[in-house]
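Tertiary structure, described
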Amino acid sequence: MSIGLTHYLVLSAVLFCIGLYGALTRRNAVIILMCIELMLNAVNISLIAFSSYIVPLLLTGQVFAIFVMVVAAAEIAVGLAIVLAIYRHFKDIDTDNINLLKW
Amino acid sequence: MGLEISFWIMAVVMITAAFAVIFLRNVFHAALALILCFITVAGIYITLSADFLAAVQILIYVGAISVLIILGIMMTREVQKGNPVNKLRLPAAIIAAVLLGILVYVVTAAPWNVSPRLPLTPTTMPLATKLFSENGFILPVEIGAVLLLAAILGAIVVTRENKK
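Attention in this report is confined to the structure presented alongside it.

Basis of the calculations
- Here the residue index of a chain counts from 1 through its sequence in written order.
- Chain letters start at A and ligand numbers start at 1, both assigned in the order the entries are written.
- Restriction of local features to residues with pLDDT of at least 70 applies here, the model being predicted, together with a cutoff of 80 or more for giving and counting side-chain atom pairs; totals for whole chains, interfaces and linings are based on all residues.
- Here a strand is any run of E in DSSP of at least two residues, a helix any run of H or I of at least four, and the numbering for each starts at the N terminus.
- Multiplying one less than the number of residues by 1.5 Å gives the expected span of a helix.
- Here the bend at a residue means the angle between the axes of two seven-residue stretches, the one that ends at it and the one that starts at it.
- Working definition of burial: number of other C-beta atoms within 10 Å of the residue's own, with buried at 20 or more, exposed at 12 or fewer, and partly exposed in between, all C-beta atoms being placed from the backbone.
- Residue pairs qualify as contacts under a 7 Å threshold applied to their C-beta atoms, which are placed from the backbone.
- For this classification, Asp, Glu, Lys and Arg are treated as charged, while Ala, Val, Leu, Ile, Met, Phe, Trp, Tyr, Cys and Pro are nonpolar and the rest, including Gly, are polar.

All names here are of chain B. Its 25 residues give helix α3 (residues 51-75) an end-to-end C-alpha distance of 35 Å, which sits within 8% of 36 Å, the value for a rise of 1.5 Å per residue. Of all bends in α3, the biggest is about 25°, found at Ser66. Within the span of α3, buried status applies to Leu53, Ala54, Gln57, Tyr61, Ile65, Ser66, Ile69, Gly72 and Ile73.

Structure (structure tokens):
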């Protein structure tokens, strides 16, 4: 059975769901950021698979993947800055203990 | 044939590394597994004949983002207590499994209009014309530059020590 579009999309779905499970269940803030990166990578895989199987001569999906990478870089920089600020303020990065805005 | 073998190797290594990211006890080992996952994603891009994006993936994710994550782990080393889970383990597993089931069902059932043409290679020149030409994506590129500048300034302002 040759590799087709479905293989890539299923692979991307599996990676996305692993990242989602990790982002929902972990308590370490850095691990949550890492899981968000996993999810963004899964989306990139499906974008590039669509680009090279549905519109192989247009490259639109690859352009979108570049923009996803730009936003991911900005997100990880600001996210780690927030984690470091939280660490400096609370001396803790466990998200269960940072419940200042929880009612 | 070579494409299929490389796809399956990349897929198995990627899923194993992704599980390692969320199940390893040591946070630093989880970051190393994340780097392995990024490298295999670059390999998947190569099997999709997206050569420029594979290089960009190695440069940005393996080179920059993983270094930032390891920096964050090192800076918060005193309070790192491994990789604990919260109370949502069972609901999150159910949600992730249901979402995976829905996605796999939709992906396999949808009648994709797959083009018979082979994808364009090399992609660097066409991507550049696509991004920077007059009727291309020049405005989003400029907005991306502004976004990166805002992210740099935001990161500096948020992490700066408040000396009062």
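Before going further, it helps to spend a moment on the interface of chain A and chain B. Taken together, the 62 residues of chain A in the interface contact 72 residues of chain B. Those elements that provide at least two residues to the side of chain A that touches chain B are α1 (5-25), α2 (29-53) and α3 (60-90) of chain A. When residues of the side of chain A that touches chain B are assigned to their parent elements, the largest contribution, 19 residues, is made by α3 of chain A. Of the residues belonging to the side of chain A that touches chain B, the class tally is 47 nonpolar, 9 polar and 6 charged.

Quick look at the environment of Phe38 of chain B now. You can see Phe38 of chain B is positioned in helix α2 (residues 27-47). With 47 residues separating them along the chain, Phe38 of chain B and Val85 of chain B place their C-alpha atoms 24 Å apart. Apart from residues no more than four positions distant in its own chain, Phe38 of chain B is found in contact with Asn41 of chain A together with Gln57, Tyr61, Val62 and Ser66 of chain B.

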